[in-house]
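# Structural characterization, general
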Amino acid sequence: MQRPEYTPGPVVRKKGQLYDNPEKDVEKIRLTIDGREVEAEKGMNVLEAARLAGIEIPSLCYLRHINEIGSCRVCLVEVEIKGTKTLQASCVYPATEGLVVHTSSPRVRRVRKTMVELLLSDHHRECTTCIRNLNCELQNVADNLGIRNIKYTGEMKALQVQNENSFIIRDYNKCIKCRRCEAICSRVQEVNVYSALNRGYDTVIAPAFMQDLSKVACITCGQCVIACPTASLTEKECVESVWEALEDPDKYVVVQTAPSIQVTLGEVFGFEVGTVVTGKLVSALRRLGFDRVFATDFTADLTIMEEAHELLERLDGHGKLPLLSSCSPGWVKFAEHFYPEFLENLSTCKSPHEMFGALTKTYFAKKEGLDPKKIVVVAIMPCTAKKFEASRPEMGTGDFKDVDWVLTTRELARMIRQAGINFHDLPDEEYDTPMGIASGAGAIFGSTGGVIEAAVRTAYFLTSGQEMDLLDYEELRGFSGLKEVWIELKGRKIKVAIAHGTGNARIMMERLKAGEQFDYVEIMACPGGCVGGGGQPIFGAREHKEISLDYRHNRADALDRIDFSRELRRAHENPAVKKIYEEFLGHPLSDMSKNLLHTYYTPRGKEPGLNLGGMKGGHAGHVKENIPPHDTQYIPRDELEPKI
Amino acid sequence: MVQYAHTGKESREREIPAPFVSEGKPEQKPDKEQTWEKKFNELDRYISLYAKEPGQLIIILQKAQDIFGYLPEEAQAYIAEKTGTPVSEVNGVVTFYSLFSTEPRGKCALDLCMGTACYIKGAQELMDTLKDQLQIDAGETTADHLFTVNTTRCIGACGLAPILVVNGEVHGNAKSGEIIKIIQKYRKGEDSESKKH
Amino acid sequence: MKVKNTEDLREIKDKFFPLIKQRLGHRNGLGITQVLVCSGTACSSAESQDFRLELERELERRNLRDNVRIFKTGCFGFCQHGPIAMVHPGEVFYCQVKPDDVKELVETHFLSGRVVERLLYQNNGQRANNIEDIHFFQAQKRIVLRNCGVINPEDISEYIARDGYFALADIILNKKPSEIIDKIKKSGLRGRGGAGFPTGRKWEMTAAQDVKPKYVLCNADEGDPGAFMDRSILEGDPHSILEAMAVSGYCIGAAQGYIYIRAEYPIAVERLEIAIDQARGYGLLGKNLFGTSFDFDIGLRFGAGAFVCGEETALLQSVMGQRGEPRPRPPYPAQEGLWGKPTLISNVETYANIPVILREGWEWYSGHGTASSKGSKVFSLAGKINTTGLIEVPMGTTLRTIVFDIGGGIPGGKKFKAVQTGGPSGGCIPDKYLDLPIDYESLKEIGSMMGSGGMIVMDEENCMVDIARFYVEFTQDESCGRCTPCRVGTKRLLEVLKRITEGKGEMEDLELLEELAFDIRDASLCGLGQTAPNPVISTMRYFREEYIAHIRDKTCPAGVCKALLDYTVDEAKCAACGLCAKVCAAGAITGARGQPYRIDPEKCLKCAACVAKCPKNAITKGIRKEDVNIAETGIHTGTGGQEERAAL
């Protein structure tokens, strides 16, 4: 299969600059747009050349480098070819020297209007009750074009909304067939869940056989949700359930926020991308009525301790190498579907928010004298995959789910709005203790490279008693989404690598399959890590000059700033972490730890929705029964006693 | 074209596609499963024959349709697995081309040419007759699995328009009366066959 | 044996030429009789193969196999009167032969030497003894189809005997690619697939790409309904395509070719498979052609029923085994085609012109046709015409010549209304353009296009609104669904047209139709969408009064649109039995014993149940007749023909 090479890597951008690699000498061209001679770079399309010149051309299907298919026809412009003006899709028409373009002629405006009217004529227009109301690209484009009346009426599809899963809802009736979900899923993530099915008016962009996402090899990363210009793909909202828990006087509602939330929530309320709003986040959560406001950063530190020890154990010959990180549930599911042979390589550590949930209902409950049955753990996550993760039967035992509800950054923002909280005017407040204390290492979990850096820092300290220098990642053969470096640990050189975006993960895994030797690999499902997560804010209504997909770099910078600003920089220095080991867990990888903080994985097959057992050579289609790994003894939770 | 109005849950729950489930005779099931197995063996041969070259998905699907009579989801997933193609892509290809059918066809396939020449020579009337006689729409199969009606693209025998293709056999200058006769003939044949058993 | 040079080819030619010579009309004293049985799709559908087998058996029985030899051959074009069997010497042209005719044929013709008059074509009451006497063939110029009906397409030797593969040998052994490209350019050959892009320039563009490998692709996905030119060429002369592809491969620097063919063409597929096998056997395809380092092979790829795959970028996707969805150009296939490599795509008829140009010279070739469109064009003639079939005429021939001279006019004395060219992408041409010499430009000017060459003739009983609806329904169904205007736009276009044909149209709909049609044309991503509104645009341009009749007067002048027909009781015939009223589910029929029954057109559902029930055949369907104020509309809406309306 031939797929164009795409690597979502960090792009360092300056204001007004559209293209990557600023240091590279790019050939300049001159063309005429709307009667004005403007400069552009060779290789640009007309749409980008116009944007560079300050002329906004509306578009719906275009995602730079990812989806350049010219299918929505909203970005049409008039291009003069041999004296005649022809309509061309500016997103795929190359800007060339001397080209004459008209972006706003009466003909262009009329045809654009027709295109959007046609899209709207087949779109369930429920704007006022739509989850993307006021944040919808289609709505925005329609508004900008001044559409007041839809001339074309006729059949409108009414397909069943697919919401049989716990993470993403697919509403075909709002789909405008821009195929951004398909592009991002197959070209960036290389999961290939979506394809266009049927043809013509009956075309749908759907998983095979139009199955629910829970029935196919979907990794639940939610990149499709971020890419969707309308509400055709949305997270499964559980705001109402959280309100219910908050209103229930019997419930003790504990909230935890993932590291990246503090650098992205502000965007929804108009702060510059990359603004750190930790204090406001905490006070907003208090005002919403949460009984305790904690930071997942705390269990991120704990994860580092566990994972660093696991790494050292494996380096000592106990367990498989390379160790693959497991804190990204999208990546974990990816491995379960596509690389089941590597499941033993995955770190057994649960992801930090699940560790947090497990500890809240045991350690914290005992410590505070609370009935764990009455504790509700809410996790504010940048992620749709964590919604799925929380629903895994192995995440919790018996009556307990480690985490009860997972809210995305977007859902939290909606709750804040619903409560009438003026986010701007909120005072800065501190997290509660003890599970709110975190090191800088915990914070950088939120962006690619953070986990490995934090874990290696700690492992280095544990073995040598000394702090190590910052890792210097060497870019590997132009794959900016894949990096690797040799480090010295325990007197031997080990090779660590980072991949983000499962498309890059696939390359990494193929290299492992081919026998390349690595010792420790961090993989995050989303491009850029959690800062680019599927639960992060979407920018539909703003000028999508810089679409949300490119916001992640500023967000990552902000996380780095938090790291540097924190007094504690290393996980093993975290006093709260030290204390929990003393009081409760004993030591990393203790039986208690293994019970509460570690998990196991299940091969899932590529087509889980079909029973292919009767088929010749049928592959493992069905999820195997959940049998805990033999080396872990499960202790009923009631027997867990904090050593206080 | 196949319509997926709903999630198609019903079809996914069954273990073996419809034609291989013997109604009311569960004791025959192992036999049918064997046939199923045999068909996959045959499909394997074609896959190994064609998968060497790139871009042969369509011909593999055509062969699979020849073998199974249609393209059950299981066969699509199997081809996906064996050729290393995402199953969504295979399903996308299957639903794109009108010659692929994802549902079993009736014993008697009635394909009516709807090319322009046939149309302006009265193919629509023939279609109305078919619909009227069989009480199904184009693209559907009768409940007794006897007839499937489809419209085809121009088969290029415009001199004989309008054209009805009955199980691959071309009937030129087709008339409504003739169609009724063909239908009756098949119904009778089916009757006498069931009496024999 | 492997052919190494021209001498080897000549040896084969010398051996087989006497047979061919006799078929060309030479009485060369071969001492045998040859029977050429048309084995194209149309004749085969009419059981020509049964006839051939029966003839073989009969000859066997009478021990005549040595004296009378039977050959399959390609389409004569005279499909209306198939199956065709041609007997040489004498060029006796038998039509509509059946297995039952074999005995008489053998006894009368082969044993007694007398022509079976009964089986000859009748030209205005005159029996046509010879193919030359048939009107259908007189105005034709067979350049591309020169081998169809002359050679056996399943025998490469016969193609070689017609000078086949000589050009390839000469080019590979003696010529530089640039020389050949120059010749093709000078010949003025333009792509026969529809748009008419100069073929030589396409070769030049592809040759100029400094990328390896390159591919040669033949578009045999002839999807236009009512078009069967490419199929006939492939069935009748497959080697000409193989030779042309090999030549182009040599010129652009490709070693692999693909023919993308519709799975609906089983005979053509079979012929191609045989031809490729034979060419490989002779070393005319494969490795080291003519002992040089040039390799060229051809593989078949099959379409699976998608009209849009005729669009070149969609075709590429389909050849690569994916959904046949077009992509924006640039990059053009000549730059980035199959697997991202430069690819030369031409359609069957374009390739079929190449060997002729190379054999006869570009000067000769460009002597045919018009200033901008050179050579000849093959058309398939179908619809309301006396002689349906395949024809080839020089560019610049008028529609009148084609429809009335070659096609023999409209059957049943009906009036000509329009001819539709270019398939679903083309337009309907009214009678006022019958005398227009047709080429790429002239057709475009009057709102149609050359397309691949389908020509459908329509008479007064065809409703132009319904025809527009038919074509839009086709393109809507065949739209790949990628771009908005084609996916949603054609759907809306169809809905408006349906409204009109069902009598629910409003006058504003005309404006809406026009606006939407132009926007779809301008905004669509590929050729399919860009041309999809052509049938609407052209019928609205030339037959606007029919639209208005449907909308304002709620009648269909041609009597096609069902919803606009009325069922009426012929009072003179009515026996007043009341059966019709009983069977009417809508309660639309009223009457009393002894008095004629009446049908209320408002309530009538047009189910025709009453028609079937009436013992006196007193109920008929007809065009709605309403009192229309002519002064107000300025349009006559009765049942008269177009001329009458024009006179008003």
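### Some remarks on the overall build of chain B
A count of helices and strands for chain B gives seven helices and four strands. Counted from the first residue to the last, chain B has its helices and strands arranged as α-α-α-α-α-β-α-β-β-β-α. Every one of the 197 residues in chain B was classed for burial, and the buried ones make up 44%. Nonlocal contacts in chain B, meaning residues at least 24 apart in sequence, comprise 57% of its contacts between residues at least 6 apart.

### Considerations on the overall build of chain C
When helices and strands are counted, chain C shows 27 helices and 19 strands. In terms of overall size, chain C behaves like a compact globule, its C-alpha atoms giving a radius of gyration of 28 Å where 648 residues would be expected to give roughly 26 Å. Counting only C-alpha atoms and orienting by the principal axes, one finds that chain C spans roughly 90 × 65 × 40 Å. Taken across its 648 residues, chain C has 56% of its residues classed as buried. Counting contacts in chain C only where the partners sit at least 6 residues apart, residues at least 24 apart contribute 72% of the total.

### Digging into the interface of chain A and chain C
Taken residue by residue, the interface counts 28 residues in chain A and 28 residues in chain C. When residues of the side of chain A that touches chain C are traced back to their parent elements, those giving at least two are strand S4 (84–89) and helix H2 (106–121) of chain A. Here the residues of the side of chain A that touches chain C sort into 14 nonpolar, eight polar and six charged.

### Remarks on the environment of Thr102 of chain B
Residue and element names in this part refer to chain B. Among the secondary structure elements, Thr102 is positioned in the loop between helix H5 (87–96) and strand S1 (108–113). Residue class for Thr102 comes out buried when judged on the 20 C-beta atoms lying within 10 Å of it. Spatially, the C-alpha atoms of Thr102 and Leu71 are 4.7 Å apart, while their sequence positions differ by 31 residues.

### Topic: the sheet that holds strand S10 (residues 252–257) of chain A
Pairing between the strands of a sheet is mediated by backbone hydrogen bonds and can be parallel or antiparallel. Residues and elements named next belong to chain A. The sheet built from four strands is open, its strands ordered S11-S10-S13-S14 with parallel pairing. Strand pairing shows two members of the sheet lacking a second neighbour, strand S11 (292–295) and strand S14 (405–408), which therefore form its edges. Here the strands of the sheet are splayed against their neighbours by 25 degrees on average, with no regard to which way each runs. Where S10 lies against strand S13 (residues 375–381), six bridges are found, and the strand directions are parallel. Following the sheet pairing, Val253 is matched in S13 by Val376. With respect to the sheet, helix H6 (residues 239–247) is in contact with S10, S13 and S14, its orientation differing from that of S14 by roughly 125 degrees. Sheet contacts for helix H9 (residues 296–315): S10, S11 and S13; angle to S11, the most-contacted strand, approximately 40 degrees.

### Points about the pairing of strand S7 (residues 215–220) of chain C
Residues and elements named next belong to chain C. Counting buried residues in S7 gives six out of six residues, a clear majority hidden from the surface. Residues Tyr215, Leu217 and Asn219 point to one face of S7 and Val216, Cys218 and Ala220 to the other, with burial holding for every one of them. With six bridges joining them, S7 and strand S8 (residues 256–262) adopt parallel strand pairing. Across the sheet, the residue bridging to Tyr215 is Gln256, located in S8. One ladder, built from five bridges, connects S7 with strand S10 (residues 343–347); its direction is parallel. The partner of Tyr215 across the bridge, within S10, is Thr343.

### Let's talk about the interface of chain B and chain C
In this complex, chain B contributes 30 residues to the contact, which on the side of chain C involves 39 residues. Of all elements in the fold, only helix H3 (57–68), H5 and helix H6 (116–134) of chain B reach the threshold of two or more residues within the side of chain B that touches chain C. When its residues are assigned to classes, the side of chain B that touches chain C shows 19 nonpolar, 10 polar and one charged.

### Some thoughts on the pairing of strand S1 (residues 28–33) of chain A
Residues and elements named next belong to chain A. Summarising the sheet, S1 and strand S2 (residues 36–41) pair through six bridges and their orientation is antiparallel. If you follow Lys28 over to S2, its bridge partner there is Glu41. Count of turn residues in the S1/S2 antiparallel hairpin: two residues, of which Asp34 carries a positive phi of about 50 degrees.

### A closer look at the environment of Cys181 of chain A
Residues and elements named next belong to chain A. On the secondary structure map, Cys181 appears in helix H4 (residues 180–188). Taking C-alpha positions, Cys181 is 9.9 Å from Ser232, a pair spaced 51 residues apart along the chain. Sequence-distant contacts of Cys181, that is, excluding residues within four places in its chain, are made with Tyr194, Ile205, Cys224, Ala227, Cys228 and Leu233.

### Description of unusual backbone geometry
Pro322 of chain A follows Leu321 of chain A through a cis peptide bond whose omega is -5 degrees. Among the structural elements, Pro322 of chain A can be located in the loop between H9 and strand S12 (323–324). Here the bond from Lys212 of chain C into Pro213 of chain C is cis, since omega is -10 degrees, no more than 30 degrees from zero. Structurally, the position occupied by Pro213 of chain C is in the loop between helix H9 (199–208) and S7. Positive phi outside glycine occurs at Asp34 of chain A, with the angle close to 50 degrees. Topologically, Asp34 of chain A is positioned in the loop between S1 and S2.

### Quick look at the sheet that holds strand S4 (residues 169–171) of chain B
Residue and element names in this part refer to chain B. Here we have four strands laid out as an open sheet, ordered S2-S1-S3-S4, and mixed in their pairing. Across the chains shown, the open sheet's two edge strands, defined by having one partner strand only, are strand S2 (147–152) and S4. Direction aside, neighbouring strands of the sheet carry axes that sit 25 degrees apart on average. Examined bridge by bridge, strand S3 (residues 164–166) and S4 share three bridges and lie antiparallel to one another.

### Regarding the packing of helix H7 (residues 261–268) of chain A against helix H13 (residues 409–418) of chain A
Residues and elements named next belong to chain A. Axis separation between H7 and H13 bottoms out at 10 Å; the angle between their running directions is 55 degrees. Taken together, H7 and H13 sit at an angle that is classed as oblique. With respect to the hand of their crossing, H7 and H13 are arranged in right-handed fashion. The residues of H13 that touch H7, namely those facing Ile261, Thr264, Leu265 and Val268, are Thr409, Leu412 and Ala413. Looking at side-chain class alone, the contact of H7 with H13 contains five nonpolar, two polar and no charged residues.

### Quick notes on the confidence of the model for chain B
In the predicted model, chain B carries a mean pLDDT of 78, and the fraction of residues at 70 or more is 79%. Highest mean pLDDT in chain B belongs to H5 of chain B (95); lowest belongs to helix H1 (residues 9–13) of chain B (38).

### Some thoughts on the nonpolar core
Leu61 and Ile163 of chain B together with Leu217, Val247 and Leu493 of chain C are the most contacted members of the largest nonpolar core, which has 427 residues in total. Setting aside residues no more than four positions away along its own chain, Leu493 of chain C makes contact with Val472, Leu513, Leu516, Ala517, Ile520, Pro533 and Val536 of chain C. Listed in part, the 13 residues of the second largest apolar core include Val569, Ala588, Cys614 and Ile619 of chain C.

### Quick word on the packing of helix H11 (residues 238–252) of chain C against helix H14 (residues 348–360) of chain C
Residues and elements named next belong to chain C. Put simply, H11 and H14 touch, their axes get as near as 8 Å, and they point 80 degrees apart. On the basis of their axis angle, the class for H11 and H14 is roughly perpendicular. Listed contacts from H14 to Ser240, Ile241, Glu243, Ala244, Met245 and Val247 of H11 are Val348, Tyr351, Ala352, Ile354, Pro355 and Leu358. Looking at the contact of H11 with H14 residue by residue, the class counts come to 10 nonpolar, one polar and one charged.

### Let's talk about H9 of chain C
All names here are of chain C. Along H9, the positions that sit buried rather than exposed are Thr199, Gly200, Lys202, Trp203, Thr206 and Ala207. End-on view of H9: buried residues confined to an arc of 160 degrees, all on one side of the axis. Buried-residue contacts for H9 involve helix H8 (177–187), H11, S10 and H14.

### Points about the environment of Val37 of chain C
All names here are of chain C. Summarising the element assignment, Val37 is placed in strand S1 (residues 33–38). Classification of Val37 by C-beta neighbours within 10 Å gives buried; the count is 24. With residues near it in sequence (within four places) discarded, Val37 still touches Ser48, Phe51, Arg52, Ile70, Lys72, Thr73 and Ala85.

### Here's the deal with the domain arrangement of chain C
Splitting chain C by domain gives domain 1 (32–133), domain 2 (156–366), domain 3 (376–459), domain 4 (464–552) and domain 5 (564–647). Here the C-alpha centroids of domain 1 of chain C and domain 4 of chain C sit 46 Å apart.

### Observations regarding the confidence of the model for chain C
Averaged over every residue, the pLDDT of chain C is 89; the share at 70 or more is 96%. Between residues 627–648 of chain C, whose pLDDT stays under 50, and residues either more than four places distant or in other chains, the model counts 24 contacts.

Cut-off values and rules
Here the residue numbers are simple positions, counted from 1 along each chain's written sequence. Key to labels: chains lettered from A, ligands numbered from 1, both in the order written. Note on the predicted model: pLDDT of at least 70 is required for a residue's local features to be given, and 80 or more for side-chain atom pairs to be given and counted; whole-chain, interface and lining totals, by contrast, use all residues. Each helix is a run of H or I in the DSSP string that is no shorter than four residues. Each strand is a run of E no shorter than two, and both are numbered from the N terminus. Burial in this document is a count-based property: other C-beta atoms within 10 Å of a residue's C-beta are tallied, and the residue is buried at 20 or more, exposed at 12 or fewer, or partly exposed in between, with C-beta positions derived from the backbone. Throughout, a residue-residue contact means that the two C-beta atoms, derived from backbone geometry, are no farther apart than 7 Å. Restricting the calculation to C-alpha atoms gives the radius of gyration, and the globule rule supplies 2.2 Å times the number of residues raised to the power 0.38. In the scheme used here, Gly and all other residues not listed as nonpolar or charged are polar, with Ala, Val, Leu, Ile, Met, Phe, Trp, Tyr, Cys and Pro taken as nonpolar and Asp, Glu, Lys and Arg as charged. Any two strands with at least two DSSP bridges between them are considered paired. The angle between two axes is taken between their N-to-C directions and runs from 0 to 180 degrees, where each axis is a line fitted to C-alpha atoms and a helix contributes only its stretch in contact. By the definition adopted for this analysis, an angle is roughly parallel if under 35 degrees, roughly antiparallel if over 145, roughly perpendicular if from 65 to 115, and oblique otherwise. Crossings are classed by handedness, with left-handed meaning an anticlockwise turn of the near helix from the far one by less than a right angle and right-handed meaning a clockwise turn. One confidence number per residue, pLDDT, is output by the predictor and ranges from 0 to 100. Joining buried Ala, Val, Leu, Ile, Met, Phe, Trp, Tyr and Cys residues through C-beta atoms within 7 Å gives a set, and that set is a nonpolar core. It is the directions from the helix axis to the C-beta atoms whose arc is reported. What marks off one domain from the next here is an automatic or database domain assignment.

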